[in-house]
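Residue-level structural notes
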Amino acid sequence: SDRDAAEYRGRGCVHLDAFCWVKRDSYLPQGSQGLKAVTKYKLGYDPVEVDPEDMVRYARERPAHMASYSVSDAVATYYLYEKYVHMFIFSLCTIIPMGPEDVLRKGSGTLCEALLMVEAC
């Protein structure tokens, strides 16, 4: 598929995209799946926000504020991954015979089918 062609997958490392977890497993409505909304609902705090129209001006006039905005996004992504994604995906890998990247990216129907196949054997 197009998605597989755009990704490199290797045996030596795993790439788990937290957004894949948000889309399938966070149970947040479609309009609330951006990093700011997920941080607020799942981690319980409001991250630093900057209006996209102000970003270029702030980069010139307030670089420290833009740096804190960037760090805020990185911290939110890290804690979202640590709190929800990592253990969830690797726990599923212990009962579903797929690698973590596939467990994260496959649909829940495919995962359920794989689990049923394991249980049937």
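For the structure, see preceding data.
The notes below deal with the structure included here. (Residues numbered from 1 in each chain as written. Predicted model: local features only at pLDDT ≥ 70, side-chain atom pairs only at ≥ 80, totals over all residues. Heavy atoms only, no water.)

1. A short note on the environment of Leu 115
Our working definition: For the purposes of this entry, the term helix denotes a DSSP run of H or I that reaches at least four residues, the term strand denotes a run of E that reaches at least two, and both are numbered from the N terminus. The cut-offs for exposure are 20% and 50% of the maximum accessible area for each residue type, with area from a 1.4 Å probe on protein chains only; residues under the lower value are buried, those over the upper are exposed, and the others partly exposed. Here, two residues are considered to be in contact whenever any of their heavy atoms come within 4.5 Å of each other.
With respect to the helices, strands and loops of the structure, Leu 115 is situated in helix H7 (residues 108-120). The partly exposed category is assigned to Leu 115, whose relative accessible area is 29%. C-alpha of Leu 115 to C-alpha of Val 75: the two residues are 40 residues apart in sequence and 34 Å apart in space. Not counting residues up to four positions away in its chain, the partners in contact with Leu 115 are Ile 95 and Ile 96.

2. Some remarks on helix H3 (residues 35-43)
Definition in use: Arc definition: it is the arc formed by the directions from the helix axis to the C-beta atoms.
Considered for burial, the residues of H3 that qualify are Val 38, Thr 39 and Leu 43. The buried side chains of H3 occupy one side of the element, clustering within an arc of 100° when seen end-on. Of the surrounding secondary structure, the elements contacted by the buried residues of H3 are helix H2 (18-25) and helix H5 (63-93).

3. Here's the deal with the packing of aromatic side chains
We count it as follows: Geometry of aromatic contacts follows a simple scheme: Phe, Tyr and Trp rings, the Trp one being its six-membered ring, pair when their centres are within 6.5 Å, and the pair is stacked under 30 degrees between planes, edge-to-face over 60, tilted otherwise.
Tallying each qualifying case throughout the model produces 2 aromatic pairs. An angle of 25° between the planes, with centres 5.1 Å apart, marks the rings of Trp 21 and Tyr 84 as stacked. Remark: Tyr 84 occurs in helix H5 and Trp 21 occurs in helix H2; sequence separation between them is 63 residues. Measuring from centroid to centroid gives 5.2 Å for Tyr 78 and Tyr 79, while their planes differ by 75°, and the two rings are edge-to-face.

4. What about the packing of H3 against H5?
Here is the rule we go by: All axes here are fitted lines through C-alpha atoms, helices being fitted over the stretch that makes contact, and every angle between N-to-C directions spans 0 to 180 degrees. Any angle that falls under 35 degrees is termed roughly parallel, while one over 145 is termed roughly antiparallel, one within 65 to 115 roughly perpendicular, and all others oblique. In a left-handed crossing the near helix is turned counterclockwise from the far helix by less than a right angle, and in a right-handed crossing that turn is clockwise. Residues are grouped as follows: Ala, Val, Leu, Ile, Met, Phe, Trp, Tyr, Cys and Pro are nonpolar; Asp, Glu, Lys and Arg are charged; every other residue, Gly included, is polar.
Here H3 crosses H5 at 50°, and the two axes come no closer than 10 Å. One way to sum up the angle between H3 and H5 is to call them oblique. For the pair H3 and H5, the sense of crossing is left-handed. Contacts from Leu 35, Lys 36, Val 38, Thr 39, Lys 42 and Leu 43 of H3 reach H5 at Tyr 69, Asp 73, Ala 76, Thr 77, Tyr 79, Leu 80, Lys 83 and Tyr 84. In the contact of H3 with H5, the residues fall into 8 nonpolar, 2 polar and 4 charged.

5. Here we look at the nonpolar core
Quick reminder of the rule: Remark: nonpolar core denotes a set of buried residues (Ala, Val, Leu, Ile, Met, Phe, Trp, Tyr, Cys) joined through side-chain atoms within 4.5 Å.
Ranked by internal contacts, the top residues of the largest apolar core, which has 18 residues, are Trp 21, Leu 80, Ile 89 and Leu 104. Secondary structure elements with two or more residues in this core: H2, H3, H5, helix H6 (100-105) and H7. Broken down by element, the residue count for this core peaks at 5 residues, all from H5. Excluding its chain neighbours within four sequence positions, the residues that come into contact with Trp 21 are Ser 26, Lys 42, Leu 80, Tyr 84, Val 85, Phe 88 and Leu 104.

6. Some words on the pattern of salt bridges
Threshold: Each reported salt bridge corresponds to a side-chain nitrogen of Lys or Arg within 4 Å of a carboxyl oxygen of Asp or Glu.
A complete count under the given rule lists 5 salt bridges for this structure. Taking the shortest distance from any N to any O, the salt bridge between Lys 36 and Asp 73 comes out at 2.4 Å. With a gap of 37 residues between them, Lys 36 in helix H3 and Asp 73 in helix H5 connect regions that are remote in the sequence. On the basis of relative accessibility, which here comes to 22%, the residue Lys 36 falls in the partly exposed class. For Asp 54, the salt bridge is made with Arg 57, and the minimal N-O distance between the two is 2.9 Å. A network of salt bridges, in which partner residues are shared, links Asp 54, Arg 57 and Glu 61.

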